[in-house]
Amino acid sequence: MAPATKSSGDMPFIVSTGTKKPDPELRKLIRSHVMKGKNRGRILRPKYKIIADSESVVDPNGTVSGSDDISADNSPVSTHVVTIPRKVGSDMSLARFADTIEDSTACVIIQFSTIAKKALFPLESCVDFGPKERTMEALAVDAAYLHAMAFSAQAYFDLLRGHRPYSGTALASPSPHVLKTLQLLRERLEAPEHIDRAEFLSSTAAVVLCLAFHAHITGDYEAARHHMLGLRKIVDIGGGLPVLTQNIKGTIEILRCDIGMALHSGAKPLFFADLAREPYWPYPDFAAYGHANPSPVSSSSSAIEEPFLRALDNDLAAAWRATAQFAALVNRAAAEHRKLPKEVLLDAMASITYRLLHMTFASSSLDEAVRLGLLAFVSNVFLQWAGVRLPYTYFPAAFRDCLIDFNLESPIPVPPDNASRPTDSLSRLLIWLLTIGSVSVFDSTDSDAWLKPWLRVNLEICGVRSWLAMRDVLDSFMWVGLVHDGPGRALYDSTVSVTLCQGFY
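Residues numbered from 1 in each chain as written. Predicted model: local features only at pLDDT ≥ 70, side-chain atom pairs only at ≥ 80, totals over all residues. Heavy atoms only, no water.

1. Some remarks on the overall build of the protein
Thinking step 1. Counting secondary structure elements, the protein contains 19 helices and six strands.
Thinking step 2. Among the 505 residues that make up the protein, the fraction classed as buried is 43%.
Thinking step 3. Put simply, 74% of the contacts in the protein that link residues at least 6 apart link residues at least 24 apart.
Thinking step 4. When the accessible surface of the protein is summed, it comes to about 27,500 Å², and 54% of that surface belongs to carbon and sulfur atoms. (Helix = DSSP H or I, 4+ residues; strand = E, 2+ residues; numbered from the N terminus. Buried < 20%, exposed > 50% of the residue type's maximum accessible area, 1.4 Å probe, protein only. Contact = heavy atoms within 4.5 Å. Areas by Shrake-Rupley, 256 points an atom, 1.4 Å probe, with all protein chains shown as cover.)

Quick look at the structure:
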């Protein structure tokens, strides 16, 4: 019997009582019925309204309220709605410190710590200071050091922005971090015992160094000298400089501070003051760091400088040679993109600078002009901070007076095969002295009032008509391109762009 279809409303029924295949129309109906619900693609779930407003609040009953009106959406929300704040805590919320400080102060400390080595050491890119210091660990356990870093970091950034804390206002209202540091330092010194004596001396020296630096830049010379005497005593208790040199970077920082104080005040430095007890260190063997070249001194400069050096005091000439060798070594390291050991920086700074500080010559003599020129050179290379001119009072005045009163009849020998006249040799030396003074210690007032006009006169005498020609003159004496090229080029550009002051001589 042929299949038949019966209908009950919209639902068809198929009755088959034989073996004969259904006709095509019936087969089509069967296939259509079987495939119902199939091939319909991906089932899309209901879309619930996403609450994007971070100000929305969910109460315990699940009711959502916020700045936007969402009551029009009646779709039930069966899941928990969790709001995440834009920011949890501050950037310093996870940092641990030894005492309570403001977040803004903590940020300044961290920012300074990340750039300190590069900012405070002009030759950082050419000197290997070893692994990064664990500053955060010290800040977490030493409250005195924490507060010392707070006022030191702030002082650096103030100087970088052109603010001069040594204008006199700082003395009337000292930083609360300075007062807190002094309080904690007194408590530390009055403690009956210290388990680790070496650690106690090292951490105390770091704090006192910050205090001395701050007193220096705020113009409180008496306090600065007092702190330096404290540092001297700490070094003596620890066994003197030979023992201290086990910490190379710490020794460099202490001697830099001592030298800076001497340049600021004109007083004799505290180290190497008694040569019987603390003799000068010997000049380093710079050739040992020169690799293939037997001597770090370039042949182009040595031929020019030797006749000139024979006119100088023997000790001053030896200091000149050592400084020129160090400068040539640094220039080579910069050109080869390699780093020198930090020991060579310490040995060069200590052996050269302290000898120069203790030498004495007639105020307007060639020897004195060269001595002060060398001091300006080494202060710029060893002491200068990036973007900051440290406040020296005595030294710039002494150097300026020496140059202005300089005996222009001083004999400057020239090599026998050199066609230059003696006046040209004097002008070349003056170009070097004036340039080193400008990039190292003189301020803009000095440069505009007398230095640039005088420099321009000597550039014309020597036929120098470009920066490259001027750099050749400077390099024939001594020059560290890494440190000096930027300010030296700026000085040349500004000098040749101004009108020459007539009748300067």
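Anyway, onward from the coordinates.
2. Side note on the environment of His214
Thinking step 1. With respect to the helices and strands, His214 occurs in helix H7 (residues 197–217).
Thinking step 2. Separated by 58 residues in the primary sequence, His214 and Tyr156 have C-alpha atoms spaced 9.5 Å apart.
Thinking step 3. In this structure, His214 is in contact with Phe151, Ala155 and Val178, ignoring residues within four places of it in sequence.

3. Topic: helix H17 (residues 444–461)
In an α-helix, one turn spans 3.6 residues; hence positions three or four apart end up facing the same way.
Thinking step 1. In this model, H17 (18 residues) spans 24 Å end to end at C-alpha, consistent with the 26 Å of a helix rising 1.5 Å per residue.
Thinking step 2. The largest bend in H17 comes to about 50 degrees, at Leu451, with the proline Pro453 one to four residues further on.
Thinking step 3. Burial in H17 covers these residues: Asp446, Ser447, Trp450, Leu451, Lys452, Pro453, Trp454, Leu455, Arg456, Val457, Asn458 and Leu459.
Thinking step 4. One side-chain oxygen of the residue at the start of H17 lies 3.2 Å from the amide nitrogen of Thr445, identifying that residue as Asp443.
Thinking step 5. Looking one or two residues past H17, Gly463 carries a phi angle of roughly 70 degrees, positive in sign. (Expected span 1.5 Å × (residues − 1). Bend = angle between axes of the 7 residues up to and from the residue. Polar contact = N/O pair within 3.5 Å; in protein donor to acceptor, adjacent residues only side chain to side chain.)

4. So, the side chain of His147
Thinking step 1. Mapped onto the fold, His147 is located in helix H4 (residues 143–160).
Thinking step 2. Engagement of the side chain of His147 in a polar contact is seen with the side chain of His177, the distance being 3.0 Å.
Thinking step 3. The residues contacting His147, other than those within four sequence positions of it, are Asp99, Thr100, Ile101, His177, Lys180, Thr181 and Leu184.

5. Remarks on the confidence of the model for the protein
Thinking step 1. Confidence along the protein averages 78 in pLDDT terms, with 70% of residues attaining 70 or more.
Thinking step 2. Confidence, read as mean pLDDT per element, is least for strand S3 (residues 57–58) in the protein (40) and greatest for helix H13 (residues 342–358) (96). (pLDDT = per-residue confidence, 0-100.)

6. Brief notes about helix H6 (residues 176–190)
Thinking step 1. The end-to-end C-alpha separation of H6 is 21 Å, in line with the 21 Å expected for 15 residues at 1.5 Å each.
Thinking step 2. Structurally, the start of H6 carries an N-cap: the backbone nitrogen of His177 is 3.1 Å from a side-chain oxygen of Ser175.

7. Examining unusual backbone geometry
Most peptide bonds are trans, and most residues other than glycine sit at a negative phi.
Thinking step 1. A positive phi angle is found at Phe272, which is not glycine, with a value near 60 degrees.
Thinking step 2. Along the chain, Phe272 turns up in the loop between helix H10 (248–265) and helix H11 (299–309).
Thinking step 3. Judged by relative accessible area, Phe272 falls into the buried class, the value being 1%.
Thinking step 4. A positive phi is found at His337, a non-glycine position, where the angle reads about 55 degrees.
Thinking step 5. Looking at the element boundaries, His337 is found in the loop between helix H12 (314–336) and strand S6 (340–341).
Thinking step 6. By relative accessible area, which is 75% here, His337 ends up exposed.

8. A word on the packing of H4 against H7
Thinking step 1. Where H4 contacts H7, the axes come no closer than 9 Å and their chain directions differ by 30 degrees. Our classification of the angle between H4 and H7 gives roughly parallel. In terms of crossing hand, the pair formed by H4 and H7 is left-handed. Here Ala144, Tyr145, Ala148, Phe151, Ser152, Ala155 and Leu159 of H4 lie close against H7, whose contacting residues are Ala206, Val207, Cys210, Leu211, Phe213, His214 and Ile217. (Axes fitted to C-alpha atoms, helices over the stretch in contact; angles between N-to-C directions. Parallel < 35°, antiparallel > 145°, perpendicular 65-115°, else oblique. Left-handed = near helix turned anticlockwise from the far one by under 90°.)

9. Description of the nonpolar core
Thinking step 1. Counting residues in hydrophobic clusters, the biggest one holds 137 residues, and the most contacted among them are Phe271, Trp320 and Trp432.
Thinking step 2. Residue contributions to this core peak at 13 residues, all from H4. (Core = buried A, V, L, I, M, F, W, Y, C linked by side-chain atoms within 4.5 Å.)

10. Comments concerning the packing of aromatic side chains
Thinking step 1. By the definition in use, this model includes 22 aromatic pairs.
Thinking step 2. Seen from their ring centres, Tyr156 and Trp385 are 5.9 Å apart, and the 55 degrees between their planes marks the pair as tilted. Here Tyr156, found in helix H4, pairs with Trp385, found in the loop between helix H14 (366–383) and helix H15 (394–404); they are 229 residues apart in sequence, far enough to count as distant. Pair check on accessibility: Tyr156 and Trp385 agree, each one buried.
Thinking step 3. Relative to Trp281, the ring of Phe272 lies with its centre 5.7 Å away and its plane at 90 degrees, an arrangement referred to as edge-to-face. (Phe/Tyr/Trp six-rings, centres within 6.5 Å; stacked < 30°, edge-to-face > 60°.)

11. Here we look at the pattern of salt bridges
Thinking step 1. In the structure shown here, the tally under the stated rule is 13 salt bridges.
Thinking step 2. In this structure, the salt-bridge partner of Asp236 is Arg232, at a minimum N-O distance of 2.7 Å. Separated by four residues within a single helix, Asp236 and Arg232 lie in helix H8 (residues 221–237), roughly one turn from each other.
Thinking step 3. Exposure remark for Asp236: the relative accessible area of 34% places this residue in the partly exposed category.
Thinking step 4. Between Glu368 and Arg371 there is a salt bridge, and its shortest N-O distance comes to 2.9 Å. (Salt bridge = Lys/Arg side-chain N within 4 Å of Asp/Glu carboxyl O.)

12. Examining the packing of H14 against H15
Thinking step 1. Two elements in contact, H14 and H15, have axes separated by 10 Å at closest approach and are oriented at 140 degrees. Handedness of the crossing formed by H14 with H15: left-handed. Two secondary-structure elements touch here, H14 through Glu368, Ala369, Leu372, Gly373, Leu375 and Ala376 and H15 through Phe395, Ala398, Phe399 and Cys402.
Thinking step 2. Of the residues belonging to the contact of H14 with H15, the class tally is eight nonpolar, one polar and one charged. (Nonpolar A, V, L, I, M, F, W, Y, C, P; charged D, E, K, R; others polar.)

13. Topic: the state of the cysteines
Thinking step 1. Summed over the entire model, instances satisfying the criterion amount to zero disulfides.
Thinking step 2. Counting only cysteine sulfurs, Cys257 is the nearest neighbor of Cys210, a cysteine outside any disulfide, at a range of 9.5 Å. (Disulfide = S-S within 2.5 Å.)

14. Comments concerning the side chain of Thr323
Thinking step 1. The residue Thr323 is located in helix H12 in this model.
Thinking step 2. Residue classification places Thr323 among the buried positions, given a relative accessible area of 1%.
Thinking step 3. Filtering out sequence-adjacent residues up to four positions away, Thr323 remains in contact with Ile352, Leu374, Phe377, Val378 and Met478.

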